[in-house]
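Understanding the architecture of this molecule
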Amino acid sequence: MLDEWEESTVSVVPATSAGNSKLPEREDGETHETPSFIQRNADSPIFSIDTLERHAARSHGLVTSVSAGNNVILVGTNRGWLVRHDFSGGDTLEFDLSASRGVDYTVHKVFIDPGGRHSIASVCSNAGSENYYIHAKWKKPRALPKLKGLVVSAVAWNRQQISDASTRDVVLGTTTGQLFEMSVEEKDKKEKYVNKLFELTEMSEPFVGVQMETVGTGASIRYLVLAATASRLYTFVGTGSLEATFQAYENQVIRFTELPGDVPNSELHFFGKQRRMERFAWLSGPGIYHGHINLTTAQSNEDNHLEQKALLKYSKITGDTSKPCSLALSEFHFLVCYNQSLKVVNTASEEVVEEQRFDASLSSSPMLGLCSDIAAGVYYAYSESSIFEISVNDEGRDMWLTYLNMKEYAAALEYCRDQFQRDQVYATQAEAEFKAGNYDRAASFYAKANSVATFEEVALKFVSAGEQDALRTYLLRKLDHLGKEDRAQVTMISTWASELYLDKINRLLMGQTKQKAEGGDDKESSSAEYQATLTEFHAFLSDCKDVLDEATTVKLLGSYGRVDELVFFAGLKEQYETLLHHFVQQGDAKKALAVLRKPNVSPELQYKFGPALIMLDPHATVESWMTASNLSPRRLIPALMRYSSEPHKDEANAAIRYLEFCVQGQQNEDSAIHNLLLSLYAKQEDESALLLFLETKYGKGRPGRPDIFYDPKYALRLCLEEKRMRACVFIYSMMGMYEEAVALALQIDPELAKAQADKVDETDEGLRKKLWLMVARHVIQQEKGVKAENIRKAVAFLKETDGLLKIEDILPFFPDFSLIDDFKEAICTSLEDYTRQIEELKRQMNDATLGADNIRHDISCLTQRYAIVNQDEDCGVCGRLILASKGNHASGPPGRTLTTVMAPFYVFPCEHSFHAQCLTEYVLKHTDKFEKERIADLRNRLYNLINEAPARPARKTTTNSYDDQVSADGQIDPLDQVRAQLDDAVAGECPFCGELMVREITQPFILAEEQDLAISWAIGSGTLAKEYGFA
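A brief structural summary. Since the structure is predicted, the reported quantities are computational estimates derived from the model, not experimental observations.

Reading the values: the criteria
Residues numbered from 1 in each chain as written. Predicted model: local features only at pLDDT ≥ 70, side-chain atom pairs only at ≥ 80, totals over all residues. Heavy atoms only, no water. Helix = DSSP H or I, 4+ residues; strand = E, 2+ residues; numbered from the N terminus. Buried < 20%, exposed > 50% of the residue type's maximum accessible area, 1.4 Å probe, protein only. Pairing = 2+ DSSP bridges. Axes fitted to C-alpha atoms, helices over the stretch in contact; angles between N-to-C directions. Salt bridge = Lys/Arg side-chain N within 4 Å of Asp/Glu carboxyl O.

Here the phi dihedral of Asn-70 falls at roughly 55°; this positive angle occurs in a residue that is not glycine. The backbone of Arg-168 sits at a positive phi, close to 55°, despite the residue not being glycine. In this fold, Arg-168 is placed in the loop between strand S12 (152-156) and strand S13 (170-174). Exposure remark for Arg-168: the relative accessible area of 37% places this residue in the partly exposed category.

It is worth spelling out the sheet that holds strand S15 (residues 190-199) at this point. Read from one edge to the other, the open sheet built from 4 strands follows the order S12-S13-S14-S15, with strand pairing classed as antiparallel. Here the strands that pair on one side only, and so sit at the sheet edges, are S12 and S15. Taken pair by pair, the neighbouring strands of this sheet meet at an average axis angle of 25°, ignoring direction. Summarising the sheet, strand S14 (residues 178-185) and S15 pair through 8 bridges and their orientation is antiparallel. Across the sheet, the residue bridging to Glu-185 is Lys-190, located in S15.

Attention now moves to the pattern of salt bridges. Across all of its chains, the model carries 34 salt bridges by this definition. Note that Asp-469 is salt-bridged to Arg-507, the shortest N-O span being 3.7 Å. Placement of Asp-469 in helix H9 (residues 468-480) and of Arg-507 in helix H10 (residues 487-518) is noted, with a sequence separation of 38 residues between them. The class for Asp-469 is partly exposed, based on a relative accessible area of 24%. When its relative accessible area of 39% is taken as the criterion, Arg-507 is described as partly exposed. In this structure, Arg-634 and Asp-670 form a salt bridge, with 2.6 Å as the shortest nitrogen-oxygen distance. Here Asp-670 lies in the loop between helix H19 (654-665) and helix H20 (671-682) and Arg-634 lies in the loop between helix H17 (618-627) and helix H18 (637-644), a separation of 36 residues in the sequence. We classify Arg-634 as partly exposed; its relative accessible area is 47%. Taken together, the shared-partner salt bridges in this structure form one network comprising Asp-469, Arg-472, Asp-503, Lys-504, Arg-507 and Glu-529.

Such coordinate-based values are descriptive only and should not be taken to indicate function.
So, in structure tokens, the structure goes:
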């Protein structure tokens, strides 16, 4: 029967392309011979049934209830026994819950938490009902006295908070329609508390299933409780605690979903991952009511937490009105249990995908129910004697095909396992869109289906349909899925797409022309589409510039006459010279300058197109040059000269503006730039800018650079040609040609001539006087007024010369027949000046004579100066008597003639006395190296002169007013001169009172050469210490 079902469960998928005999081969070698179908994977069933326990009750009666969690199965029997099977490696435990032997006990329901640690059993008897709690560590169950008399029919574990030591909050549903909250601590071995939460009053029915979910919302906890009876599904939502959640429903209407009908065994099941329930299924009277649980919504409305709710009728499962006995919920399927069979229904398509039958030889009794072990991912079916294990084998492997058949393509893609499956989804979706006329969407999906339909087939499909736009879309999407290794394909597809773009643009242009001719009203929409297509085409060229063949693309653009696109593509390919030629021909300087401002444009293009651009837009061109940092102004001179050769009366000279920026802003020192700027200034009518440029010393303050960088001779020649006379005067003056400067200035403005004459250095009085005479001649001879007035002006001019010119200097410039009376005042003034000068000279001569007399008197006094030396006066160096005989002291410096037996000595005004030899040795010891060398040199020269003295003739000397050092002819004897220099070097000042003693203050007490001696005096280590026994 299963084989027959597998053959009939084939889903139809449209063919991917016409003429295809089979789909492309998968990587595992499997092929699909039928082109119009996609077959479900039928290698093995998803769910398989195996016998787990043939005698589950272990001879303790018949099985009444089974629950599972984490590979632990808890079995209840009709004789009051519990059997705990631990398939994770533990022992099988058997518990007897019968309180007395005379009463029949039956286990009504057993429950175990998902972790397999906590268990609850409800036992019924003729005497009443009891409830027991069993922990995984216990060997004996414990009664729950607070639940005595209640029959627990449903349990909801707190999956988020449950632990090994405590059940935390547990919701219990009873057969009398009540909900209780309970908590059991393992160490207490009894219930911690039992609180009644809710009771059905309107319609009292047993609760067949309860589920509790919690989610944290900041500082509080939100609770969601689902409780089902045979006909109703209740939803409770609240925050804070379970008790607070249910108290909120005391004064409001309780929300529930009612599905009346008869069902043998109503159940409520859930499925989830990571301790969160995601879906629910309720086995109700009319069918299986199922949906999704949403705990993320912030609203507290009960309906907001249950989504995608649907009802699967039983007739859709079996084809008749028979109803199942139990239900289990997996990730993608409903497991519907009948008496001897198990039907697997896909939750998405609600179709039966598998059917399994239980082994009748192992269990003659019908199935009682199903239970699930969510933690282990295993499901169990049980009868009165046996337990069957239902294993899951890759449950989601065909979900992509299920959603594909339902045309839920996004969900199908989510569950695809490989590219082949995704390609089939894309191909099916593409076929559906193509048939619906959505060609653009079909093109996008075809581009993603690589292994189902070939490129040629899809392209021909769109060509045959005449859908050029969709074909272009297909090509563009195809480019997105090609890699770098498909270089040739990318180039060809990009070129084809370019042609399709151009064709579309051409068709739009023709449509616009036709509308204009016919006077249509749809001009705006057509123009907008045209602009959008152009923008899209430009973006395409930008994206594909590196893969498009340049020559082919240029030829293609040219064949359609798309000049703007040619220019755009040239810019993308960095063909800047081509762009510049085009923009210059079009006279669009701004676009050309925008090209030149790009960072990777060669400066050579600036120089090449500079002449043309500055003629088109001088201001913008100069602005561009000024912002560029890699330009050489010298190479822009041809462009500047071409611009300057044309008249520009109505606008500022852009060339001057750029050159001023180079000279002033960039501190350019190129003489060609300075000369060009000077030439442009010279052509202006206003000389102020030219004069300012000539006067400014741009090189001042720069080490090793001249003050000016222009050529003065070139500037002079240029200014003469342009008749800029004031500039010529300045250049003459700057070059030191003051006579020419004054002569030219006199032709312009006498005041300018005076200023030039005044520039001459005051030390060159002859030239200054000559220049002022030139000015005076011009002033006197050019005056046309009354003679008296001319004479007054001439006299006033004399005052401007600061006494350089006198009246007698300018008299020759007046006519010969001028009356002397006109010059009387000036002549008198001049004579008075001469008189004052004569008196001043006399006074100075008297002062000089008096000074000479004083000097002669001082010289005479010097010859009579002396010092008194006491007989017991000591030498400041050796301590011996100064007046000791020569035999008692070493002789003095050689060459000194002694008239007594005393040794030579020096006496200073400070009354310090020294022997000559002692003083010399002291000075040599304490003076610096340079002075030592000088004294040694003087002593050597003195010895040499003394040795030569007998060979030289004696010279007759005059009086000894200069210490007998001056000869008769007025010359000083070399021997005496050297001796005087030596005396000055040795005895120039007292060594104890002069600079020599001041310098000794900075000397250390122990010199470098005395370090060894100082160390030797150290106690404990020196030589002397050892000698005297201190070491």
